[in-house]
Amino acid sequence: MESSDIRDELTDILVTETRIQDKLRELAARIDEDYEGKDVLLVGVLKGAVMVMADLARSLRNHVEMDWMAVSSYGAGTKSSGVVQIRKDLDSDLTGRHVLIVEDIIDSGLTLSWLLENFASRGAASIEVCALLRKPDAAKVEIDCKYVGFDIPNEFVVGYGLDFAERYRNLRDVAVLAPHVYS
Ligand code: XMP
Ligand code: MG
């Protein structure tokens with residue numbers, strides 16, 4: 001891929017940096033209230049959730065711990081394969097923990113449904129999901145997500161942690177990738 005002006009590779013800005021930050025503060029306030037008196041283990045799903053985790057965690061008032069899991073279900077393409085591989089497992093034991101999975105996006109839902117089943121078998125006291133973005137029209141399985149930032153159209157998006165072929169993660173906004181970039 002040649003280097004060029006990033007803006008030519010995007011169509012719409014779907015969610016601006018300001019809206020993302022406002023929403024994360026709103027979600028953090030709910031999370032603080034819902035988990036009052038409980039120690040939460042935030043589990044970020046690498047690499048996409050790095051930005052969401054950093055900003056959400058810093059908006060929380062209560063004690064939290066953070067852990068990370070890396071799974072892959074996409075390869076370098078834009079469609080979920082549904083076959084999930086663990087690339088990096090958690091460092092923490094989930095027994096008796098209140099786990100809040102932090103995700104960038106729920107697309108088909110296949111990755112999260114696999115993760116939820118996997119975590120349930122490790123004896124967590126509770127498991128909930130916080131996802132910045134969700135594509136309702138792309139759902140292949142229903143995910144019970146307690147904290148959702150924005151429902152977005154079924155288009156491939158990048159920025160704020162989300163990549164295409166490892167690029168665009170550093171954009172501050174969430175934008176639609178121009179089809180000419182990946183087709
Ligand atoms: P699924 O389909 O299993 O998605 O819910 C799992 C993971 O795939 C990534 N993903 C995307 N990444 N733009 C991206 O840059 C997208 O539109 C997109 N949709 C899914 C993401 O990491 C998600 O957690
Ligand atoms: Mg992800």
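From a predicted model like this one, the values you see are computed outputs, not experimental measurements. (Residues numbered from 1 in each chain as written. Chains lettered and ligands numbered in written order. Predicted model: local features only at pLDDT ≥ 70, side-chain atom pairs only at ≥ 80, totals over all residues.)

A. Representation of the overall build of the protein within the structure. When helices and strands are counted, the protein shows four helices and nine strands. Beginning at the N terminus, the succession of helices and strands in the protein can be written as β-α-β-α-β-β-β-α-β-β-β-β-α. In terms of overall dimensions, the protein is globule-like: its C-alpha atoms have a radius of gyration of 16 Å, near the 16 Å expected for 183 residues. Expressed along its principal axes, the backbone C-alpha trace of the protein runs to roughly 50 × 35 × 30 Å. Here the protein, with 183 residues, has 32% of them falling under the buried criterion. Of all intrachain contacts in the protein linking residues separated by at least 6 positions in sequence, the fraction that spans at least 24 positions is 65%. (Helix = DSSP H or I, 4+ residues; strand = E, 2+ residues; numbered from the N terminus. Rg over C-alpha atoms; globule rule 2.2 N^0.38 Å. Buried ≥ 20, exposed ≤ 12 C-beta atoms within 10 Å, placed from the backbone. Contact = placed C-beta atoms within 7 Å.)

B. Helix 3 (residues 110-120), seen in detail. Every buried residue belonging to helix 3 is among Thr111, Leu112, Leu115 and Leu116, and all of these are buried. Viewed end-on, helix 3 has its buried residues packed into an arc of 130 degrees, placing them on one side of the element. Along helix 3, the residues that are exposed and aim more than 90 degrees away from the buried face are Glu117 and Ala120. Looking at the buried side of helix 3, the elements it contacts are strand 3 (64-72), strand 5 (98-106) and strand 6 (126-134). (Arc of directions from axis to C-beta.)

C. Spatial organisation of the environment of Thr11. Tracing the chain through its elements places Thr11 in strand 1 (residues 10-15). Sequence separation between Thr11 and Ala178 is 167 residues; the distance between their C-alpha atoms is 5.3 Å. The residues touching Thr11, leaving out its near neighbours within four places in the chain, are Val176 and Ala178.

D. Focus on helix 2 (residues 50-59). Buried within helix 2 we find Met51, Val52, Met53 and Leu56. Looking at the buried residues of helix 2, the elements they touch are helix 1 (17-34), strand 2 (40-46), strand 3, strand 5 and strand 6.

E. Just the nonpolar core, in detail. Ranked by size, the top nonpolar core spans 46 residues in total, and within it Leu56, Leu100, Ile101, Val102 and Cys130 carry the most contacts. Excluding anything up to four places from it in sequence, Leu56 contacts Leu24, Leu27, Ala28, Val102 and Cys130. (Core = buried A, V, L, I, M, F, W, Y, C linked by C-beta atoms within 7 Å.)

F. Broad picture of the sheet that holds strand 8 (residues 157-158). Taken in spatial order, the three strands line up as 1-9-8 in an open sheet, and their pairing is antiparallel. Edge strands, defined here as strands with exactly one partner in the open sheet, are strand 1 and strand 8. Taken together, the two bridges between strand 8 and strand 9 (residues 174-177) define a ladder with antiparallel strand orientation. Along strand 9, the bridge assignment pairs Val157 with Val176. (Pairing = 2+ DSSP bridges.)

G. The sheet that holds strand 6, seen in detail. Strand order across the open sheet formed by six strands is 4-3-2-5-6-7, with mixed pairing between neighbours. Of all strands in the sheet, those with a lone pairing partner are strand 4 (85-88) and strand 7 (147-151), marking the two edges. On average, each strand axis in the sheet is inclined to that of its neighbour by 30 degrees, with strand direction left out of account. Strand direction decides the pairing type here: strand 2 and strand 3, joined by seven bridges, are parallel. (Axes fitted to C-alpha atoms, helices over the stretch in contact; angles between N-to-C directions.)

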